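# Fold and contact review
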Amino acid sequence: MNIDTVVGKDYLGKCFRELADAPISALNGVGDEGAQALQQAFGVTTVRELANLNFIKWASAIATLAAEEQMLPQEKAKEELLDDAVEMTFPASDPISVDAGITRIEVSPDKVDAHSDHQHANKVEECTATGREKETAQ
């Protein structure tokens, strides 16, 4: 993170010790009105006091730990049920099973080999010829 994006232009190039003792309005987006509101609400006037405020520490700790928290058993069960439902909906997306019961995968007999009959071109020609023969015969 570039510290220059966090502090106002009056505080660019200052060391961290100076920034910690700077007024809260030194932070980008806080401004004088925000700094006054924080002072009235929490009694803090510097960046260091704001950072050491218990509410800030607690909120930061909760947010950090929330990202690492494991699911509750009920949430995990719901997630697994949802995963199972999705798997049952899209079984074709599963990888080929290596179960001992499967010996080979056969091509369905109604499928045409695309190498020799792309988009059923030969079948279409055959049906067209058959249709012409029937028309001619009538």
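Think of each chain on its own: its residues are numbered from 1, step by step along the sequence as written. Owing to the predicted nature of the model, reporting of local features is limited to residues with pLDDT of at least 70; listing and counting of side-chain atom pairs is limited to 80 or more, with chain, interface and lining totals taken over all residues. No hydrogens and no water enter the side-chain calculation; it runs on all heavy atoms of the structure.

Below, the discussion takes up the overall build of the protein chain. Under the scheme used here, helices are H or I runs from DSSP no shorter than 4 residues and strands are E runs no shorter than 2 residues, and both carry numbers assigned from the N terminus. A tally of regular secondary structure across the protein chain gives six helices and zero strands. When accessible area is computed with a 1.4 Å probe and restricted to protein chains, residues below 20% of their type maximum are described as buried, those above 50% as exposed, and intermediate ones as partly exposed. Taken over 138 residues, the protein chain has a buried fraction of 10%. In this description, contact between two residues means that some pair of their heavy atoms is separated by no more than 4.5 Å. The long-range fraction of contacts in the protein chain, counting pairs at least 24 apart against all pairs at least 6 apart in sequence, stands at 19%. Surface accessibility in these figures is a Shrake-Rupley result with a 1.4 Å probe; residues are shielded only by whichever protein chains are displayed. Counting only carbon and sulfur atoms, one obtains 56% of the accessible surface of the protein chain, whose full area is about 12,100 Å².

On to the nonpolar core, then. By convention a nonpolar core is built from buried Ala, Val, Leu, Ile, Met, Phe, Trp, Tyr and Cys residues, the set being connected through side-chain atoms within 4.5 Å. I24, A35, V44, L50 and L53 form the largest nonpolar core, which has five residues in total. The contact partners of L53, leaving out residues within four places of it in the chain, are F42 and V44.

A contiguous patch of negative charge, built from E79, E80, D83 and D84, is present on the exposed surface. Within the element layout of this structure, E80 appears in helix α5 (residues 73-89). On the basis of relative accessible area, E80 is assigned to the partly exposed category, the value being 44%. A patch consists of residues exposed above 30% relative accessible area that lack any salt bridge, with like charges linked at up to 9 Å and nonpolar side chains (Val, Leu, Ile, Met, Phe, Trp, Tyr) linked at up to 5 Å. Only one rule defines a salt bridge in this text: a Lys or Arg side-chain nitrogen within 4 Å of an Asp or Glu carboxyl oxygen. Neither His nor the chain ends contribute to the count of charged residues, in which Lys and Arg are positive and Asp and Glu negative. To locate a charge, the coordinates of NZ of Lys, CZ of Arg, CG of Asp or CD of Glu are taken.

To continue, consider the pattern of salt bridges. Taken as a whole, this structure holds one salt bridge when the rule is applied. Its salt-bridge partner being D21, residue R48 comes within 3.1 Å of it at the nearest N-O pair. With R48 in helix α3 (residues 47-51) and D21 in the loop between α1 (16-20) and α2 (31-42), this residue pair connects regions lying 27 residues apart in the sequence.

Multiplying one less than the number of residues by 1.5 Å gives the expected span of a helix. Given a rise of 1.5 Å per residue, twelve residues ought to cover 16 Å, and the 16 Å separating the end C-alpha atoms of α2 matches this to within 8%. Remark: G43 follows α2 within two positions and exhibits a positive phi of approximately 75 degrees.

For this analysis, a ring pair means two rings from Phe, Tyr or Trp (six-membered ring only for Trp) whose centres lie within 6.5 Å, classed as stacked if their planes differ by under 30 degrees, edge-to-face if by over 60, and tilted for the remaining angles. Scanning the model with the defined rule gives two aromatic pairs in all. Relative to W58, the ring of F55 has its centre 5.4 Å away and its plane inclined at 85 degrees; by these criteria the two rings are edge-to-face. Of this pair, F55 and W58 are both found in helix α4 (residues 54-68), three residues apart, which corresponds to roughly one turn of the helix. Take W58: its relative accessible area is 48%, and that puts it in the partly exposed class. Of the aromatic side chains, those joined through ring pairs into one cluster are F42, F55 and W58.

The next subject is the side chain of T46. When you line up the elements, T46 lands in the loop between α2 and α3. With sequence-adjacent residues up to four places away left out, T46 is seen in contact with A20, D21, A22, P23 and I24.

Once that is clear, we can look at the environment of G13. Its place among the elements puts G13 in the segment before α1. What makes G13 exposed here is its relative accessible area of 79%. Taking the C-alpha atoms as reference, G13 lies 8.9 Å from I3; in sequence the two are ten residues apart.

As for its position among the elements, K57 is in helix α4. In this view, K57 contacts A51 and N52; residues no more than four positions away in its chain are not counted.

Taken together, the side chains of F42, F55, W58 and I62 define a hydrophobic patch exposed on the protein surface, amounting to about 470 Å² of accessible area. Residue contributions to the nonpolar patch peak at three residues, all from α4.

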